[in-house]
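# A closer look at the structure
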Amino acid sequence: MFIGEQGKFEEIREGVRKLCSDFGSQYWQRCDRERAYPEEFVYALTQSGYLAALIPEQYGGVGLSIEAAGVILEEIHHSGGNAGACHAQMYTMGTILRHGSDEQKARYLPAIADGSIRLQAFGVSEPESGTDTSSLRTTATLKDGLYTINGQKIWTSRAEHTDLMLLLCRTTPINQVKKKSDGLSVFLVDLRTIPEHHLQVRPIRTMMNHATTEIFFDNMPIPGDALIGDEGEGFRHILSGMNAERILIAAECIGDAKWFIDKAVSYANSRAVFGRPIGQNQGIQFPIARAYAGMRAAELMLKEASLRYDSGENPGEEANLAKLLAADASWQAAEACLQTHGGFGFAEEFDVERKYRETRLYQVAPISTNLILSYLAEHVLGMPRSY
Ligand SMILES: Cc1cc2nc3c(=O)[nH]c(=O)nc-3n(C[C@H](O)[C@H](O)[C@H](O)COP(=O)(O)OP(=O)(O)OC[C@H]3O[C@@H](n4cnc5c(N)ncnc54)[C@H](O)[C@@H]3O)c2cc1C
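Residues numbered from 1 in each chain as written. Predicted model: local features only at pLDDT ≥ 70, side-chain atom pairs only at ≥ 80, totals over all residues.

## Concerning the overall build of the protein chain
Per the secondary structure count, the protein chain includes 12 helices and 10 strands. A compact globule built from 387 residues would reach a C-alpha radius of gyration of about 21 Å, and the protein chain, at 21 Å, matches this within 12%. Expressed as lengths along the three principal axes of its C-alpha atoms, the size of the protein chain is roughly 80 × 50 × 40 Å. Relative to its full complement of 387 residues, the protein chain shows a buried share of 47%. Here the analysis covers contacts within the protein chain between residues at least 6 apart in sequence; of these, 74% occur between residues at least 24 apart. (Helix = DSSP H or I, 4+ residues; strand = E, 2+ residues; numbered from the N terminus. Rg over C-alpha atoms; globule rule 2.2 N^0.38 Å. Buried ≥ 20, exposed ≤ 12 C-beta atoms within 10 Å, placed from the backbone. Contact = placed C-beta atoms within 7 Å.)

## Points about unusual backbone geometry
In this chain, alanine 365 is followed by proline 366 through a cis amide linkage whose omega measures -5°. Within the chain, tryptophan 155 stands out as a residue other than glycine whose phi angle is a positive 65°. With respect to the secondary-structure elements, tryptophan 155 resides in the loop between strand 3 (146–154) and strand 4 (164–170). Note on tryptophan 155: 21 C-beta atoms within 10 Å, which makes it buried. In this structure, aspartate 351 is a non-glycine residue whose phi angle is positive, near 70°.

## Focus on the domain arrangement of the protein chain
Many authors give the size of an interface as the accessible area that is lost as the parts come together. Here the protein chain is described as being made up of domain 1 (10–113), domain 2 (119–235) and domain 3 (239–380). When each unit is reduced to the centre of its C-alpha atoms, the spacing between domain 1 and domain 2 is 23 Å. Taken together, the contact pairs 17 residues of domain 1 with 16 residues of domain 2. Residue assignment for the side of domain 1 that touches domain 2 shows that the elements contributing at least two residues are helix 2 (25–34), helix 5 (88–91), helix 6 (93–99) and helix 7 (102–113). Of the residues assigned to the side of domain 1 that touches domain 2, the class counts are eight nonpolar, seven polar and two charged. (Domains from an automatic or database assignment. Nonpolar A, V, L, I, M, F, W, Y, C, P; charged D, E, K, R; others polar.)

## Here's the deal with the environment of leucine 168
Inspection of the secondary structure puts leucine 168 in strand 4. Overall, the presence of 25 C-beta atoms within 10 Å leaves leucine 168 in the buried class. Between the C-alpha atom of leucine 168 and that of glutamate 318, which follows or precedes it by 150 residues, the distance is 24 Å. For leucine 168, the contacting residues outside a window of four places in its chain are Gly123, Val124, Leu136, Leu184, Val186, Gly234 and Ile238.

## Some details on the site of the ligand
With respect to spatial proximity, 23 residues lie near the ligand, and among them Val124, Gly130, Thr131, Trp155 and Ser368 are the closest. Listing elements by their share of the shell around the ligand, those giving two or more residues are strand 1 (119–123) and helix 12 (369–380). A per-element tally of the shell around the ligand places helix 12 first, with three residues. Classifying every residue of the shell around the ligand by side-chain character gives 10 nonpolar, 13 polar and no charged. (Near = placed C-beta within 6 Å.)

## Some words on the environment of glycine 49
Topologically, glycine 49 is positioned in the loop between helix 3 (39–47) and helix 4 (66–78). Of the residues examined, glycine 49 has 17 C-beta atoms within 10 Å and is grouped as partly exposed.

## So, the environment of cysteine 337
Among the structural elements, cysteine 337 can be located in helix 10 (residues 316–341). Taking the C-alpha atoms as reference points, cysteine 337 and alanine 268, separated by 69 residues in sequence, lie 9.2 Å from one another. Setting aside residues no more than four positions away along its own chain, cysteine 337 makes contact with Phe260, Lys263, Ala264 and Val352.

## Overview of the nonpolar core
Core analysis: the largest hydrophobic core is formed by 108 residues, its most contacted members being Phe187, Ile247 and Ala322. The greatest single-element share of this core, amounting to 18 residues, is contributed by helix 8 (residues 234–270). Excluding anything up to four places from it in sequence, phenylalanine 187 contacts Ala140, Tyr147, Leu167, Cys169, Ile222, Ala226, Leu227 and Ile228. (Core = buried A, V, L, I, M, F, W, Y, C linked by C-beta atoms within 7 Å.)

Pasting the structure below:
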């Protein structure tokens, strides 16, 4: 809790905790074991309105700040759950709210807010381009008012559980643009209207339950009005969404860190070996205390990034710092928690191994730690570009 903020968002925190209490350990263990989509949880979150936190009230949402949205995700993770099943609905909002037309917002946002359709997929990564987003190869070609999409995406999470997908494609060939990041465009694709033979979705089984897929586009037609913002400006349009994504993922990491720390402290106090609680040993205490310090520092940076984002800025530095520090804090807390649990940390019923696998993702996605460090070195500290 920050000074002077007692009670801020307490109603949201309590409401989310209450909702999450219906989805306990066994629910998440079963979903993880079966690699099942947590449909009931996503439904409950949608019905409660929490998933529509960032949709403005005029479109049927709750119109909350990104700071408040982060609190929702943090509480889900702090409760032992995983918002990875549905968080894209929040972080794609930045691009749509800031760059979508009034007509696009009016067409989709009320239905997303009331849960009749879902926006859960964000198609950026490709097998060949990797982290080097601006060299992506999926193309969108405009003819007679229709764009035709060809190419492939990978790691498009939740594609099987969504109606809409935000998709980044190249609209001007790379050899005809000044900068590599020019000539990309972002589309809001209504997957319900796409005939099967134009689009293939293949699930990828991963080390944690994340419903991720690879997608193949074969002459896939989409209407011209699926374009968000200006043609060729897609890279810049998704940047505000990416900052939102980093802030929201940082909030999930803070929730994970809090879960690991609570769990570690409770086990350290109750497990007795050599006739005394293991938590009496500084070898057990110190890694947990250090993880707590890391979590609190990351939480401050998250706050700074959220406030800047909510004031209309595009806070690249703070969003990246928050993601880096929070992902490190959750990983440090995960390590401390697993070690504190000894052998029991590896048993499914303790949830530690599941959360450990889940939080490991955030060292790599949505942006890897190395790439954040490169960003800071180049854009914040003014050192030469390394790639
Ligand atoms: C479970 C899961 C879900 C995902 N969901 C989505 C999604 O919904 N939508 C989406 O678009 N993407 C998604 N991703 C993709 C994710 O954003 C990428 O995996 C991530 O950005 C890293 O890209 P890459 O895997 O291609 O790694 P690569 O770019 O191949 O990099 C491999 C390693 O090399 C390092 N590296 C590369 N270049 C440099 C450099 N110049 N300097 C230093 N180190 C470097 C990277 O940091 C990384 O550690 C998901 C990934 C996973 C695993």
